[in-house]
Every structure is written in structure tokens, then in C-alpha cells.
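Here is what each chain is made of, one letter per residue.
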Amino acid sequence: MYFSAHSPLCVQLFKGKFFYCDGLNLSNITNKTECLQAGFRWIRRKYNFDNLGQALMSLFVLSCKDGWVSIMYDGLDAVGVDQQVRQTVNAAEAFRHFRQ
């Protein structure tokens, strides 16, 4: 019940945000277009919220204690759709949620 109720919300919040650019020098890469023009690969993370099926699987992994940390950091590092991740860009928001 929990997963089916929260999956649509997670899709709305995180759809398309769990991608990253894979290449050698990423210092000037800020989005998907720049990544592909530089000849790098734009990759979707294994656990993501792009559709209800993936959201259900990601929520299941989050609840099982194994692998939840990497999904949490992926969510914290997400900037936006087709945007390159930035480490701990949303740390203040995460702190606010854990503080409650």
C-alpha cells in the first residue's frame, strides 16, 4: 500500500532527474546537450523514478535498508531534468526534512 501510494508522487518529483554524464572531464558539463556534444554518455541511474514501475522498485530498495544511501544521495545531487548532477546541491533541503 505504501509503495503504490507514494510512487506517483515520486514520479512527479523526480522524473528525469536521475541521469548523469559519464566522461573524463566533466567540469564544464552542465546539461545533457553539452554532455552528448562532448562525446560523453548520458546515463540513467539503476534506481530512478521515471515511471511507476521504476518508482516502485526504487521505493522497495529504499525500504529494505540495502542500497538506500546511494538513492538518497542521487536525489540530493539531482538538479533538474536533463541537468548534470552537482554533489550535495540540495543538502540544506535534506537537513530540513531530517530535522523534523
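In this numbering scheme, every chain counts its residues from 1 along its sequence in written order. Only residues with pLDDT of 70 or above have their local features reported here, since the model is predicted, and side-chain atom pairs are shown and tallied only from 80 upward, although totals for entire chains, interfaces and linings are computed over all residues. As a convention, hydrogens and water are excluded, and side-chain values are obtained from all of the structure's heavy atoms.

## As for the state of the cysteines
Keep this limit in mind: Pairs of cysteine sulfur atoms within 2.5 Å are identified as disulfides in what follows. Runs of H or I in DSSP of at least four residues are treated as helices and runs of E of at least two as strands, each being numbered from the N terminus. Residue burial is assigned from relative accessible area. The probe radius is 1.4 Å, only protein chains are included, and a residue is buried under 20% of its type maximum, exposed over 50%, and partly exposed in between.
What the rule picks out here adds up to one disulfide. The disulfide that involves Cys21 links it to Cys35, with 2.2 Å between the sulfurs. Looking along the S-S bond of the Cys21-Cys35 disulfide, the torsion reads about 85°, which is the right-handed sense. Taken together, the residues span a long stretch of sequence, with Cys21 in strand β1 (residues 19-22) and Cys35 in helix α2 (residues 32-37) at a distance of 14 residues. Here the two residues Cys21 and Cys35 agree in accessibility, since each one is buried.

## Some details on the nonpolar core
Here is the rule we go by: Think of a nonpolar core as a cluster: buried Ala, Val, Leu, Ile, Met, Phe, Trp, Tyr and Cys residues, connected wherever their side-chain atoms sit within 4.5 Å.
The biggest cluster of nonpolar side chains holds eight residues, and these are Cys10, Val11, Phe18, Phe49, Ala55, Leu59, Val61 and Ile71. Looking at this core, the elements with two or more residues in it are α1 (2-14) and α3 (52-63). If you tally residues by element for this core, the top one is α3, at three residues. In terms of nonpolar packing, the next biggest core, distinct from the first, is built from six residues, Phe19, Cys21, Cys35 and Trp42 among them.

## Quick word on the pattern of salt bridges
How we decide: We define a salt bridge as a side-chain nitrogen of Lys or Arg found within 4 Å of a carboxyl oxygen belonging to Asp or Glu.
Overall, the coordinates contain three salt bridges when judged by the stated rule. Between Arg41 and Asp22 there is a salt bridge, with its nearest N and O atoms 3.0 Å apart. Highlighted residues: Arg41 in strand β2 (residues 41-44) and Asp22 in strand β1, separated in sequence by 19 residues. Given a relative accessible area of 52%, Arg41 falls into the exposed group. You can call Asp22 partly exposed: its relative accessible area is 33%. Salt-bridge contacts for Asp50 lead to Arg44; the nearest nitrogen and oxygen are separated by 3.5 Å. In this structure Asp50 comes out as buried when scored by relative accessible area, which is 13%.

Geometric values such as these leave the question of function open.
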